[in-house]
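Close look at the chain arrangement
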Amino acid sequence: MQNHRQLANLALVGFMGTGKTSIGRLVAEQLHFHFLDTDEIIQSRTGRTITDIFAQDGEPAFRALEKNLVGELATQTGAVIATGGGLPTNAENLESLKNFALVVCLWASPEKIWERVRSQSHRPLLHDPNPQKKIRELLTAREPFYKQADVLINTDLRAAREVAQQVALQYKLATRPPR
Ligand code: S3P
């Protein structure tokens, strides 16, 4: 681990439907950290849903909101931060996150992702005639970014609680004082 990094926070990155929000809440409880979710912050500040922001202002406007928010989050300490699925696909965002957080990626197969998101309608990128194909394409394009996380955890066969324990353990290992 590089010395200049301040691992005062833990950031969860990964594709839609990998459980960043639900697992993030559990991890925050375990570490006695507070929980933040970039999508929730953007929605509460703008008073609009992500679907509305995409529809009215376009995806680039949403990405600009995400980028500004990452800049602000650098002042946090003791936070578990769940990020939107596209946030770390901007190299600058990923680099910033790494400066102030241990970055943990939650991974899942396209099949598992589809199983988890198919009954939900709040993700504009999946409002597509062929959402399964879209998931595979986006996941392939994003994989190189997700794999730059400090830690990668496969969630396919694990219950949320077990994944949360793994994440908390990785954070404790990464931040334990040198002996
Ligand atoms: C997005 C993922 C969503 C949300 C927006 C765009 C993406 O967050 O930020 O719909 O580009 O993958 P979740 O990963 O929390 O669903």
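As a reminder, the structure under discussion sits directly above these lines.
Attention here is on the structure that accompanies the text. (Residues numbered from 1 in each chain as written. Predicted model: local features only at pLDDT ≥ 70, side-chain atom pairs only at ≥ 80, totals over all residues. Heavy atoms only, no water.)

Looking at the site of the ligand
Lining the immediate environment of the ligand, one finds 13 residues, of which Lys20, Asp39, Arg63, Arg123 and Arg142 sit closest. Between an oxygen atom of the ligand and a main-chain N or O atom of glycine 85, the distance comes to 2.9 Å. A distance of 3.3 Å is found between an oxygen atom of the ligand and a backbone nitrogen or oxygen belonging to glycine 86. When isolated, the ligand has an accessible area of 380 Å², and the protein chains bury 95% of it. A molecule is said to occupy a pocket when more than half its atoms come within 2 Å of that pocket's grid points, and by this definition the ligand occupies the largest pocket. Taken together, the residues of the shell around the ligand break down into five nonpolar, three polar and five charged. (Near = heavy atom within 4 Å. Polar contact = N/O pair within 3.5 Å; in protein donor to acceptor, adjacent residues only side chain to side chain. Areas by Shrake-Rupley, 256 points an atom, 1.4 Å probe, with all protein chains shown as cover. 1 Å grid on protein atoms, 1.4 Å probe; cavity = no way out; pocket = protein on both sides within 12 Å on 5 of 7 lines; lining within 4 Å. Sits in = over half its atoms within 2 Å of the grid points. Nonpolar A, V, L, I, M, F, W, Y, C, P; charged D, E, K, R; others polar.)

Things to note about the layout of surface pockets
One number sums up the size of the largest pocket: a volume of about 540 Å³. The wall of the largest pocket is formed by 30 residues, among which Met16, Lys20, Asp39, His122 and Arg123 lie closest to the centre. Among the secondary structure elements, those contributing two or more residues to the lining of the largest pocket are α1 (20-31), α2 (38-46), α3 (50-57), α4 (59-73) and α6 (110-117). Of the residues contributing to the lining of the largest pocket, the split by class is seven nonpolar, 14 polar and nine charged. (Points joined across faces, edges and corners; volume = space filled by probe spheres on them. Helix = DSSP H or I, 4+ residues; strand = E, 2+ residues; numbered from the N terminus.)

Overview of the packing of aromatic side chains
Each aromatic ring pair is summarised here by two numbers: the centre-to-centre distance and the angle between the ring planes. This structure, assessed with the given rule, holds three aromatic pairs. Summarising the aromatic geometry, the rings of phenylalanine 33 and tyrosine 171 are spaced 5.4 Å apart at their centres and angled 80° between planes, so their arrangement reads as edge-to-face. Separated by 138 residues along the polypeptide, phenylalanine 33 in the loop between α1 and β2 (34-37) and tyrosine 171 in helix α8 (residues 160-175) bring together distant segments of the chain. The exposure class assigned to phenylalanine 33 is partly exposed, which follows from its relative accessible area of 21%. Under the relative-accessibility criterion, tyrosine 171 is labelled buried at 7%. Taking the centre distance of 5.1 Å and the plane angle of 45° together, the rings of phenylalanine 54 and phenylalanine 62 count as tilted. Using a relative accessible area of 3% as the deciding quantity, one classes phenylalanine 62 as buried. Lying across the ring of tryptophan 107, lysine 147 places its NZ or CZ 5.0 Å from the centre. (Phe/Tyr/Trp six-rings, centres within 6.5 Å; stacked < 30°, edge-to-face > 60°. Buried < 20%, exposed > 50% of the residue type's maximum accessible area, 1.4 Å probe, protein only. Lys NZ or Arg CZ within 6 Å of the ring centre and 35° of its normal.)

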